[in-house]
Amino acid sequence: MSKHYLDLSDVGMRFATPTGWFEALVNVNLKIAKGEFISLIGHSGCGKSTVLNLVAGLNEATSGGIILDGREVAGPGPERAVVFQNHALLPWLSVYENVELAVRQVMKGASKAQIAEKVRYYLSLVQMDHALDKKPHEISGGMKQRVGIARALSMSPKVLLMDEPFGALDALTRAHLQDALMEIQAELNNTVIMITHDVDEAVLLSDRIVMMTNGPAASVGEILDITLPRPRNRVALADDPEYHKLRQCVLSFLYEKHSKVTPLKKPKAESRAAVA
Ligand SMILES: Nc1ncnc2c1ncn2[C@@H]1O[C@H](COP(=O)(O)OP(=O)(O)OP(=O)(O)O)[C@@H](O)[C@H]1O
């Protein structure tokens, strides 16, 4: 499988701030194959969203470049759909209409029936076809996130970009959506970049985990291949030594090699005595 479908070469990003330039990313190199599921993991503030925004075309790299399917990324486009942590659905539109809006963007000139077929297909993929007429305020957070994913997928994007898509959900809903995403991924074979802070989520879902060093001047630290066979089952993996080994690699990168914990101040002599 060629890893040149999405190619970030020597990408650097610096931001102008009132106190001067802030160097967020330096020499980010990453080659992603078509159909790969990549997770970006790293401590808060290391630059994960910045990488995603650059691929989305919401920001322009200050050095290097990004090529997707042979074309330089220059500005946003429907071939790079983004799912945010807080489902950005339009509150005055129904579930159906929120997805329809996206489909219309990419199926200009299609008949109403063709559009309806596509909208229903993607809403059924995320099991939301029972709530077509509901407004966002009438459905749960997990359901909103499902609709957000359906909306992004309905544009048949070349790359699906997900910024902590399940970060705001409770653990159970999160697990359901992770399973749904794995099933969808098995069916559609999308190319995905997902930001997560959750090590288990990264190992469960990814083909590779890209671990970023701490900022400023963050970059790709290590890349871990997740060779666990698919389909993956979270319950079976709980007893899988390979799963634990991979999990351990990520934890070791984050908390040993690139720890961000500031050492606690030494307690004063009297308080030390009090503890003893
Ligand atoms: N527009 C901006 N102007 C100045 N600095 C910025 C801007 N956007 C991001 N930064 C800085 O760049 C660094 C990387 O930010 P980014 O949001 O990409 O990190 P992150 O890894 O996604 O963080 P988190 O996990 O907390 O969401 C941070 O230090 C942030 O303050």
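Rules used throughout
- Residues numbered from 1 in each chain as written.
- Predicted model: local features only at pLDDT ≥ 70, side-chain atom pairs only at ≥ 80, totals over all residues.
- Helix = DSSP H or I, 4+ residues; strand = E, 2+ residues; numbered from the N terminus.
- Rg over C-alpha atoms; globule rule 2.2 N^0.38 Å.
- Buried ≥ 20, exposed ≤ 12 C-beta atoms within 10 Å, placed from the backbone.
- Contact = placed C-beta atoms within 7 Å.
- Pairing = 2+ DSSP bridges.
- Axes fitted to C-alpha atoms, helices over the stretch in contact; angles between N-to-C directions.
- Near = placed C-beta within 6 Å.
- Nonpolar A, V, L, I, M, F, W, Y, C, P; charged D, E, K, R; others polar.
- pLDDT = per-residue confidence, 0-100.

## Some details on the overall build of the protein
Link 1 in the chain: On a plain count of helices and strands, the protein comes out with 9 helices and 10 strands.
Link 2 in the chain: A globule of 276 residues ought to have a C-alpha radius of gyration of about 19 Å, and the protein, at 21 Å, matches this closely.
Link 3 in the chain: For the protein, the proportion of its 276 residues judged to be buried stands at 35%.
Link 4 in the chain: Expressed as a percentage of contacts within the protein between residues at least 6 apart in sequence, the contacts between residues at least 24 apart total 70%.

## A short note on the sheet that holds strand β8 (residues 191-195)
Link 1 in the chain: Spatially, the 6 strands line up as an open sheet ordered β6-β7-β8-β3-β9-β10, and their pairing is mixed. Here the strands that pair on one side only, and so sit at the sheet edges, are β6 (80-83) and β10 (220-225). Between one strand axis and the next, the sheet turns by 20° as a mean value, whatever way the strands run.
Link 2 in the chain: With 4 bridges joining them, strand β3 (residues 37-41) and β8 adopt parallel strand pairing. From the neighbouring strand, Ser39 faces β8, where its bridge partner is Met194.
Link 3 in the chain: The strands touched by helix α1 (residues 48-56) are β3, β6, β7 (159-163), β8 and β9 (208-212); relative to β7, the strand with the most contacts, the crossing angle is about 150°.
Link 4 in the chain: Set on the sheet, helix α4 (residues 141-153) makes contact with β6 and β7; between it and β6 the angle comes to about 175°.

## Structural notes on the sheet that holds strand β5 (residues 71-72)
Link 1 in the chain: Ordered in space as β2-β1-β4-β5, the 4 strands form an open sheet in which the pairing is antiparallel. Each edge of the open sheet is held by one strand with a lone partner, namely β2 (20-32) and β5.
Link 2 in the chain: Here strand β4 (residues 63-68) pairs with β5 via 2 bridges, running antiparallel. Of the residues in β5, the one forming a bridge with Leu68 is Arg71.
Link 3 in the chain: Across the sheet, α1 lies against β1 (6-17), β2 and β4, angled at about 70° from β2, the strand it touches most.

## A look at α1
The α-helix winds at 3.6 residues per turn, so residues separated by three or four positions along the chain end up facing the same way.
Link 1 in the chain: α1 sits mainly inside the fold: 7 of its 9 residues count as buried.
Link 2 in the chain: Inspection of α1 places Lys48, Thr50, Val51, Leu52, Leu54, Val55 and Ala56 among the buried residues, and these make up the whole buried set.
Link 3 in the chain: Gly57 lies just past α1 and shows a positive phi near 85°.

## Description of the site of the ligand
Link 1 in the chain: Neighbouring the ligand are 13 residues; Phe15, Ser44, Lys48, Ser49 and Thr50 lie closest to it.
Link 2 in the chain: Looking at the shell around the ligand, the elements that each hand over two or more residues are β1, β2 and α1.
Link 3 in the chain: Considering every element that reaches the shell around the ligand, the biggest residue donor is α1, with 3 residues.
Link 4 in the chain: When grouped by side-chain class, the residues that make up the shell around the ligand number 4 nonpolar, 8 polar and 1 charged.

## Points about the confidence of the model for the protein
Link 1 in the chain: Here the protein averages 91 in pLDDT, while 93% of its residues score no lower than 70.
Link 2 in the chain: The low-confidence segment residues 270-276, where pLDDT is below 50, has 2 contacts with residues more than four positions distant or belonging to other chains.
Link 3 in the chain: The ipTM for the predicted assembly is 0.98, set against a pTM of 0.91.

## Some details on the environment of Ile67
Link 1 in the chain: Here Ile67 is to be found in strand β4.
Link 2 in the chain: As for Ile67 and Val55, which are separated by 12 residues in sequence, their C-alpha atoms are 8.9 Å apart.
Link 3 in the chain: If we skip the residues at most four places from it in the chain, Ile67 touches Asp7 and Glu72.

## Re unusual backbone geometry
Excluding glycine, most residues fall at negative phi; most peptide bonds, likewise, are trans.
Link 1 in the chain: Cis geometry marks the peptide bond from Gly215 to Pro216; its omega dihedral reads -5°.
Link 2 in the chain: Tracing the backbone through its elements, the reader meets Pro216 in the loop between β9 and β10.
Link 3 in the chain: For the bond running from Arg230 to Pro231, omega is -5°, close enough to zero to count as cis.
Link 4 in the chain: Although it is not a glycine, Gln127 sits at a positive phi angle of roughly 55°.
Link 5 in the chain: Examined against the element boundaries, Gln127 turns out to sit in the loop between α3 (112-125) and α4.
Link 6 in the chain: We classify Gln127 as partly exposed; it has 14 C-beta atoms within 10 Å.
Link 7 in the chain: In the Ramachandran plot, Glu164 falls in the positive-phi region, its phi being about 45° despite a non-glycine side chain.
Link 8 in the chain: Here Glu164 is to be found in the loop between β7 and α5 (171-188).

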